[in-house]
Amino acid sequence: MLRPEELFGYLERAAGRQSPDAGQRAAILAPASAGVRILAGPGTGKTTCIVTRMLKLVLCDGVPASGILAMTFTRKAAEEMRSRVLGDGFAIIDAAREDRANSPAMRTALGAIDLGQVQVGTIDSFCARWAREGSDPDDPFVAHVDDAGAAMAMEEVVRQRLRGADWRPAVAFLRELHRPHVPINQYAADVALQAAALHDLWRRRLHDRVDWAAFLAGAGADPEASAGRLQIHLAHREYASLLKSRGAMDHAMVQEKARRLLANPVSGSARRPAILEGLRALFVDEYHDTDLLHQAVYFALAGAPGCRGAITIVGDDDQAIYRFRGGTVDLLADFPAAYHNAFGRNPETLVLDVTYRATPEVAAFVEQFGSLDDAYQAVRSLGRKALRPGRDVAGAPVLGLFRPTLPDLARDIATLIRGLVHHGSVETPAGRIVAGPGRAPSDLALICRSPQERDRQSERLPAYVRRALADGAHPIAVWNPRGAPTRSGRVAALVGGLALRLLDPDGDAFRVASPRLLDDAEAVMRGWYEDLAAFLDGAGGADPTRARELIRAWDLGSRRSHGPWESDIPVVAFLYELAGALPDAVVDTPEFAVAFGLFLKQAEACRWVAPAATFIRRSGRDLTVVRASVVEVIVGLLGPVADGRRRVEDEGPDPFPRNRVPILSIHQSKGLEFPVAIVDAGCFLSPRTYAFQRMPETGAPEHRFEKTVRPYTELWGRVARSDRDLACDDLIRSQFVAYSRARDLLVLVGLSPCAPDFVGQRPVPNLATGWMRDGSRSWAENPPMVML
Amino acid sequence: MTETFEIGARPRPYLLPRLRVAGDLLRFEACPLRYRMHGVGAWPEADAEDAPRLAGMLVHAALDHAGTACRPMEAGGQGMPVDAVVASRAVGSGQRLVDAVSPRASRSVALQGALDAAATLARRTILILGPHLFPYLAATEQRVAATRRQPDYMPDEVGGSRRLRKVERFEVSGVLDALATGLVPDPDGDPFLALIHGALKQPGVVPVDAVIDYKLARRPRTSEVGSRGATSVRGELEAHLFQVAAYARIRDQFAAGRARVGIVIYLNDLLPELDSRHDTQSGPDLGAERGAITDDEWRLLGDAPSVAARLHRASTVIELDDDVIAEATARIDRIAAAIEACAEHEAASVPPRLAWPTRRSALCGDCDVRPMCPEWQDAGESMPGVAPKLGYAQGELDDG
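Residues numbered from 1 in each chain as written. Chains lettered and ligands numbered in written order. Predicted model: local features only at pLDDT ≥ 70, side-chain atom pairs only at ≥ 80, totals over all residues. Heavy atoms only, no water.

Describe the overall build of chain A, naming the residues involved and giving the relevant values.
Looking only at helices and strands, chain A features 33 helices and 21 strands. Principal axes of the C-alpha set define a box for chain A whose edges measure 80 × 70 × 65 Å. Taking all 788 residues of chain A together, 60% fall into the buried category. Here the contacts in chain A between residues at least 6 apart in sequence split such that 78% fall between residues at least 24 apart. As presented, chain A carries roughly 29700 Å² of accessible surface, and 52% of it is formed by carbon and sulfur atoms. Side-chain charges in chain A split into 96 positive and 97 negative, and the spacing between the mean points of these groups amounts to 1 Å. (Helix = DSSP H or I, 4+ residues; strand = E, 2+ residues; numbered from the N terminus. Buried < 20%, exposed > 50% of the residue type's maximum accessible area, 1.4 Å probe, protein only. Contact = heavy atoms within 4.5 Å. Areas by Shrake-Rupley, 256 points an atom, 1.4 Å probe, with all protein chains shown as cover. Lys, Arg positive; Asp, Glu negative; His and termini not counted. Charge placed at Lys NZ, Arg CZ, Asp CG, Glu CD.)

Give a description of the domain arrangement of chain A that names residues and reports values.
Bring the parts together and some accessible area is lost; that lost area is often taken as the interface size. Residue and element names in this part refer to chain A. Annotation of chain A at the domain level lists domain 1 (4–131 + 255–352), domain 2 (146–249), domain 3 (393–479 + 653–787) and domain 4 (486–643). Centre-to-centre, using C-alpha coordinates, domain 1 lies 38 Å away from domain 2. With 10 residues of domain 1 at the interface, the matching set in domain 2 holds 6 residues. Counting the surface lost from both domain 1 and domain 2, the interface buries some 720 Å², and carbon and sulfur atoms represent 56% of this. Scanning the region where domain 1 abuts domain 2 turns up 0 salt bridges. Joining domain 1 to domain 2, the criterion identifies 3 residue pairs in polar contact (both at pLDDT 80 or more). Secondary-structure elements contributing two or more residues to the side of domain 1 that touches domain 2 are α13 (251–263) and α15 (292–302). Sort the elements by how many residues they give to the side of domain 1 that touches domain 2 and α15 lands first, with 4 residues. Split into classes, the residues belonging to the side of domain 1 that touches domain 2 amount to 3 nonpolar, 3 polar and 4 charged. (Domains from an automatic or database assignment. Buried area = accessible area lost by both parts, 1.4 Å probe. Salt bridge = Lys/Arg side-chain N within 4 Å of Asp/Glu carboxyl O. Polar contact = N/O pair within 3.5 Å; in protein donor to acceptor, adjacent residues only side chain to side chain. Nonpolar A, V, L, I, M, F, W, Y, C, P; charged D, E, K, R; others polar.)

Could you give an account of the nonpolar core, naming the residues involved and the relevant values?
Residues and elements named next belong to chain A. If you look at the biggest cluster of nonpolar residues, it comprises 156 residues, and the most contacted ones within it are Trp528, Ile634, Tyr739 and Leu746. When residues of this core are assigned to domains, at least three map to each of domain 3 (393–479 + 653–787) and domain 4 (486–643). Sequence-distant contacts of Tyr739, defined by excluding residues within four places in its chain, comprise Val362, Phe365, Val366, Phe369, Val679, Ala681, Leu746, Leu748 and Ala768. Core analysis: the second largest hydrophobic core is formed by 82 residues, Ala170, Trp202, Ala300 and Leu332 among them. (Core = buried A, V, L, I, M, F, W, Y, C linked by side-chain atoms within 4.5 Å.)

Explain the packing of helix α7 (residues 147–163) of chain A against helix α10 (residues 191–207) of chain A to me, and be specific about the residues and the numbers.
Residue and element names in this part refer to chain A. One way to put it is that α7 packs onto α10 with a least axis distance of 8 Å and a crossing angle of 115 degrees. The angle between the axes of α7 and α10 places the two elements in the roughly perpendicular class. For the pair α7 and α10, the crossing hand works out as right-handed. Along the contact surface, α7 presents Asp147, Ala150, Ala151, Met154, Glu155, Val158, Arg159 and Leu162, while α10 presents Val191, Ala192, Gln194, Ala195, Leu198, His199, Trp202 and Arg203. (Axes fitted to C-alpha atoms, helices over the stretch in contact; angles between N-to-C directions. Parallel < 35°, antiparallel > 145°, perpendicular 65-115°, else oblique. Left-handed = near helix turned anticlockwise from the far one by under 90°.)

Any details on the sheet that holds strand β1 (residues 4–7) of chain B? Residues and values, ideally.
Taking strand neighbours across the sheet as the criterion, the 3 strands line up as β12(A)-β13(A)-β1(B) in an open arrangement whose pairing is mixed. What marks the edges here is a single partner per strand, and that holds for β12 (425–428) of chain A together with β1 of chain B. The mean angle between the axes of side-by-side strands here comes to 20 degrees, regardless of whether they run parallel or antiparallel. The pairing of strand β13 (residues 431–435) of chain A with β1 of chain B spans 4 bridges and is parallel. Of the residues in β1 of chain B, the one forming a bridge with Ala435 of chain A is Ile7 of chain B. The strands touched by helix α20 (residues 406–423) of chain A are β12 and β13 of chain A; relative to β12 of chain A, the strand with the most contacts, the crossing angle is about 140 degrees. (Pairing = 2+ DSSP bridges.)

Report on the packing of aromatic side chains, specifying residues and quantitative values.
A complete count under the given rule lists 31 aromatic pairs over all chains for this structure. Both rings, one in Phe365 of chain A and one in Trp779 of chain A, keep their centres 5.4 Å apart while their planes meet at 45 degrees; by these two values the pair is tilted. Within this pair, whereas Phe365 of chain A is found in helix α18 (residues 360–372), its partner Trp779 of chain A is found in the loop between β20 (742–751) and β21 (786–787), the two being separated by 414 residues in sequence. Centroid distance Phe28 of chain B to Tyr35 of chain B: 5.9 Å. Interplanar angle 85 degrees. Geometry classified as edge-to-face. Residue Tyr35 of chain B is classed as buried on the basis of its relative accessible area of 3%. Within the aromatic cluster, the residues linked to one another by ring pairs are Tyr287, Tyr298, Phe299, Phe335, Tyr339 and Phe343 of chain A. Over the ring of Trp565 of chain A we find Arg559 of chain A; its NZ or CZ atom is 4.2 Å from the centre of that ring. (Phe/Tyr/Trp six-rings, centres within 6.5 Å; stacked < 30°, edge-to-face > 60°. Lys NZ or Arg CZ within 6 Å of the ring centre and 35° of its normal.)

Which residues make up the packing of α20 of chain A against helix α21 (residues 461–470) of chain A, and what are the values?
The relative placement of two packed helices comes down to the angle between their axes together with the axis-to-axis distance. Residue and element names in this part refer to chain A. It is at 8 Å that the axes of α20 and α21 come closest, and there the two elements cross at 50 degrees. Between α20 and α21, the angle falls in the class oblique. Pair α20 / α21 crosses with right-handed handedness. On the side of α20, the interface is formed by Leu406, Pro407, Leu409, Ala410, Arg411, Ile413, Ala414, Ile417 and Arg418, while α21 contributes Leu461, Tyr464, Val465, Ala468 and Leu469. Looking at the contact of α20 with α21, its residues break down into 12 nonpolar, no polar and 2 charged.

So what's going on with the interface of chain A and chain B? Which residues, and what values?
Counting residues at the interface gives 80 residues for chain A, matched by 55 residues for chain B. Regarding the contact of chain A and chain B, the summed buried area is about 5600 Å², with carbon and sulfur atoms giving 56% of it. At the junction of chain A and chain B, the tally comes to 6 salt bridges. A salt bridge links Arg82 of chain A to Glu171 of chain B; the shortest N-O distance between them is 2.4 Å. On inspection of chain A and its partner chain B, the count reaches 18 residue pairs in polar contact (both at pLDDT 80 or more). Sorting the residues of the side of chain A that touches chain B by element identifies α4 (75–98), β13, β16 (568–570), α26 (571–580), α27 (584–587), α28 (590–609), β19 (674–682) and β20 of chain A as the ones contributing at least two each. In terms of residue count, the dominant contributor to the side of chain A that touches chain B is α4 of chain A (11 residues). Residues that form the side of chain A that touches chain B fall into these classes: 40 nonpolar, 13 polar and 27 charged.

Describe the side chain of Ser752 of chain A, and please don't skip the residues or the numbers.
Residue and element names in this part refer to chain A. Take Ser752: it is sitting in the loop between β20 and β21. For Ser752, a relative accessible area of 18% translates into the label buried. Non-local contacts of Ser752, meaning those with residues more than four positions away in its chain, are made with Phe402, Arg403, Pro404 and Phe758.

I'd like a rundown of helix α29 (residues 623–643) of chain A, residues and numbers included.
An α-helical segment advances 3.6 residues per turn. Residues three or four places apart therefore align on the same side. All names here are of chain A. Between the first and last C-alpha of α29 there are 28 Å, a value that for 21 residues agrees with the 30 Å anticipated at 1.5 Å per step. Considering bend angle alone, the principal kink of α29 is centred on Leu637 and spans about 35 degrees; proline Pro640 follows within four residues of it. Within α29, 15 of the 21 residues are buried, which leaves the element mostly enclosed by the surrounding structure. Directly beyond the C-terminal end of α29, a positive phi value near 90 degrees is found at Gly644. (Expected span 1.5 Å × (residues − 1). Bend = angle between axes of the 7 residues up to and from the residue.)

Describe in detail the pattern of salt bridges, supporting the description with residues and values.
Taken as a whole and judged by the stated rule, the model has 76 salt bridges over all chains. In this structure, the salt-bridge partner of Asp412 of chain A is Arg403 of chain A, at a minimum N-O distance of 2.5 Å. By the burial criterion, Asp412 of chain A is buried, and Arg403 of chain A matches it. Its salt-bridge partner being Glu171 of chain B, residue Arg18 of chain B comes within 3.1 Å of it at the nearest N-O pair. With a gap of 153 residues between them, Arg18 of chain B in strand β2 (residues 18–20) and Glu171 of chain B in strand β4 (residues 169–183) connect regions that are remote in the sequence. Judged by its relative accessible area of 33%, Arg18 of chain B is partly exposed. Residues participating in the shared-partner salt-bridge network are Arg204, Asp208, Arg323, Asp330, Glu706, Arg710, Asp730 and Arg733 of chain A.

Please set out the state of the cysteines residue by residue, giving values where relevant.
Residues and elements named next belong to chain A. For the coordinates displayed, the defined rule picks out 0 disulfides over all chains. Lacking any disulfide linkage, Cys49 is separated from the closest cysteine sulfur, that of Cys60, by 14 Å. The thiol sulfur of Cys448 is not disulfide-bonded, and the nearest other cysteine sulfur, from Cys683, lies at 7.5 Å. Given the relative accessible area of 0%, Cys448 is considered buried. (Disulfide = S-S within 2.5 Å.)

Before we move on, could you go through the pairing of β13 of chain A and cite the residues and values that matter?
All names here are of chain A. The buried fraction of β13 is high, at 4 of 5 residues. By the bridge criterion, 4 bridges tie β12 to β13 in an arrangement that is antiparallel. Counterpart to Thr428 in the pairing with β13 is Gly431. Where β12 folds back onto β13 in an antiparallel hairpin, the turn is made up of 2 residues.

Shown next as structure tokens:
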């Protein structure tokens with residue numbers, strides 16, 4: 001086997017990776033059997049570190065490749081990690097085999113190592129596999145419904161409950177947690193809101209491993225509260241039964257099933273997940289976003305006979321931004337104690353503090369931002385060190401671009417982007433910024449707390465930037481799949497409008513379906529009708545010929561180009577036929593794939609949550625059957641797209657279209673890096689509004705949910721922070737993530753009252769621009785950026 | 001003097017292509033654009049509800065279940081005898097798997113009928129084939145994977161002469177239906193052994209390993225050529241043989257020894273009495289060129305043909321010698337390079353419908369995305385009829 005120094009040598013020469021620094025070496029070389037907690041700041045090479053440690057275990061310590069299991073949160077991260085294991089690993093093996101300094105026996109042994117056996121994946125995918133493996137041969141197989149499908153099932157339960165007499169206490173309970181500012185009558189009439197809250201509570205129940213019996217008893221003598229909890233319990237039971245009756249489970253149920261199988265394996269049973277037999281070392285990435293259910297899965301795995309606590313976790317408490325999904329950074333902080341309880345010894349804690357991603361200027365800014373708020377320092381992990389720059393070439397200073405109005409701001413952001421993309425450079429007070437060869441619009445990202453282009457009242461910064469970039473002789477397009485108004489956008493309007501035109505030309509079914517549509521779906525669908533009518537009339541310049549042909553063919557019972565329709569038309573086939581009738585100028589855009597994908601995903605989900613919407617019953621049947629079928633398609637297929645329940649997922653495609661400037665939410669940007677990151681640091685004009693987005697005065701729903709269930713979890717007894725403190729901590733963390741996406745240039749943008757050095761009468765307190773939660777300002781006198 | 005600061009370009013994510021033999025390589029070969037939509041874009045196939053795919057899934061799962069239960073204890077199985085109880089449980093297992101993909105509530109009467117027929121086929125296949133095959137099984141539904149160096153050229157078929165992007169390798173994988181070991185070729189022995197003996201150039205008495213692939217289809221026949229053309233039919237057969245050779249090649253990278261034989265078993269030809277079409281077929285048969293029994297000959301065998309006769313009719317056996325393996329390897333590399341070239345083209349902001357070529361064939365009649373296909377969209381000509389289903393598209397597309 002290789003010696004570690006040989007491994008590092010081949011890694012550098014054959015795989016083209018930098019030799020590990022001292023901190024990385026310590027983590028890589030920790031004993032194979034050790035428990036290891038790696039605290040890794042942004043850009044400090046955690047993926048390199050994990051991958052090299054895996055390779056060290058296999059190539060130096062002789063651990064079988066099949067005994068290595070690595071778990072991540074996203075498919076993208078899993079794919080990249082696996083690629084690195086195979087790419088770097090086989091490069092090392094090939095180089096070592098060709099190296100005549102190595103003995104023939106070693107070269108032969110290396111040639112027999114199959115790194116493809118290393119298992120890398122998401123916790124969702126692994127749990128699904130183990131749950132399947134652990135099923136009895138006579139158990140029914142189960143399908144996994146996604147969040148949108150699960151939400152639909154929960155809505156069904158709420159509708160059922162609303163018909164009963166006893167649901168009011170539950171409504172009061174849910175509203176208090178979820179939307180206390182919404183009037184009770186309005187909340188009680190909103191099925192989608194109640195279902196969302198009920199579903200959040202269901203997920204927390206499983207992910208936080210809540211002692212449910214204690215929770216039910218927790219209302220004490222208050223009859224109203226007790227009745228509310230009991231109703232919620234019954235609704236959860238109905239939800240689980242409903243999914244079971246359709247042969248489905250949601251993600252949380254699958255993970256809980258996997259945990260049970262892993263934690264209580266039946267020796268020698270076929271139901272014992274095979275992973276427990278051969279596992280030798282477990283790796284978990286992004287531990288700062290883990291929850292109690294995930295941790296229970298990890299510890300059950302690490303307790304496997306061949307593993308015995310050989311678990312390496314990696315995390316950064318500054319980057320914990322998934323509390324709303326049940327993740328809690330407390331588990332990263334408490335890992336040593338939990339590990340000791342489970343395995344009777346202490347894990348090692350190692351710190352990666354040299355950042356190779358960013359210029360020294362960006363690294364220093366990020367470090368300073370993280371250290372700013374005194375109250376925040378109390379929740380940063382012990383042993384954390386200040387980030388140190390690993391790149392020694394000086395970069396551009398951080399820039400600040402704050403303007404009085406959104407149009408002004410968008411115009412100047414567009415000028416900056418245009419200069420770099422079209423002219424290759426921009427002049428700034430700090431100096432000349434030059435974009436190198438091979439530059440593309442996708443090198444620059446606009447990162448916002450929310451990429452939504454408009455809220456209920458008005459347009460937001462992304463919309464202004466989109467327009468500003470589109471103006472002029474050399475327009476640049478943006479890529480904003482999550483923020484663009486997809487459901488009311490052109491693609492959705494044409495696909496949805498054509499569907500409605502074909503299925504329901506007189507609007508009869510639509511009238512029947514309307515009471516069952518949620519939120520503003522009815523209005524959105526009316527918009528689809530109108531947009532389609534305008535399109536068919538030739539408005540907008542797009543060619544409607546194919547769409548007109550489709551309508552004519554449909555009326556004759558035929559497809560547009562070939563053959564008759566079957567009597568039961570699968571909705572997926574129907575959707576492809578609609579897409580084929582759209583102009584090339586619409587279909588050949590990245591936006592088409594995103595918006596059309598929503599309809600397709602919903603069509604798939606319908607199999608489990610709305611089976612009657614999977615086929616369109618057409619001719620040769622009773623007309624009432626035909627119309628009932630159309631109603632189901634409108635409600636089950638088109639409705640969730642129109643009301644926004646079926647939405648674009650965080651984990652979009654990467655690489656982004658090279659010819660677009662990506663506009664991303666902070667969550668979308670997690671794990672990515674950009675040569676230029678333009679970060680929305682605050683587009684607020686008044687110190688009276690949007691406090692929760694800049695200087696929270698109270699907690700958000702996720703904090704109230706957490707507080708409500710925590711007394712019934714293993715984490716009860718931990719020093720509690722107020723809802724407001726939790727909200728401020730979370731805001732700082734998400735802004736930390738946004739700022740640390742920059743590699744070469746970081747630009748903070750916002751409206752003037754949010755500028756760190758604003759001297760007007762009504763400065764807007766904002767944690768993102770140097771304010772602290774006690775109301776003091778750190779950057780007013782000397783902001784750590786060059787203002788443009 | 002003004003200071004100058006340089007901004008670099010954003011590096012591409014480091015992702016090695018992961019390609020599956022059936023799910024990627026063969027689908028791409030059939031039509032790159034269709035593969036882009038369903039394979040890369042994960043757009044669902046409308047025919048996911050269709051009988052052939054679900055029936056294939058049911059039968060494969062049933063054979064896997066029965067093969068695992070009945071294979072020898074020393075091969076990791078339970079060593080049970082093949083009987084009606086085993087077959088029934090196996091079919092139940094396949095049915096439950098199908099239920100997870102296609103809820104019963106959303107099935108048409110026709111689909112349910114087709115699945116009932118598939119259950120019958122699976123049950124009888126287990127009872128007929130099992131006693132002769134299962135004792136030799138070392139593994140069923142086995143995933144095999146290997147990494148290969150990425151060719152650095154762009155194939156002519158997708159145009160241009162650019163070099164591919166610099167990912168050094170790609171991963172290729174597949175799920176082989178069954179691996180049989182310890183098969184001693186014997187012209188007078190068990191039907192399987194006789195079958196292998198007949199296919200080897202120099203049979204000898206050394207035990208061999210065999211990679212086995214089940215197809216829920218009839219062997220492609222020139223008698224069914226019609227509008228498809230003999231080239232298409234021959235290509236289909238070759239694709240099936242390539243598949244077993246590719247599995248053997250992939251497995252070869254880390255397995256102790258290479259499988260010497262690849263066997264494709266066309267289950268509908270094993271039980272032609274369940275197939276209403278078999279009485280109406282006539283004409284030349286590509287299978288006959290490989291020594292299989294024609295429909296006409298089959299009829300002469302009467303009501304209860306022997307297992308040997310059934311296997312003779314339903315199986316195609318290929319010796320996996322160095323030439324076959326080299327050819328399969330070259331084909332893997334060629335397709336992998338072509339896929340990468342198309343992906344590169346798209347990454348340069350070219351719309352998918354332009355970056356991924358179309359391939360006009362009889363399969364277009366079955367294609368879900370043909371309404372969007374530049375080849376057909378405004379052609380104003382009739383589409384070809386529905387083509388026979390490809391065996392490799394059944395039950396194996398999620399192999400990895």
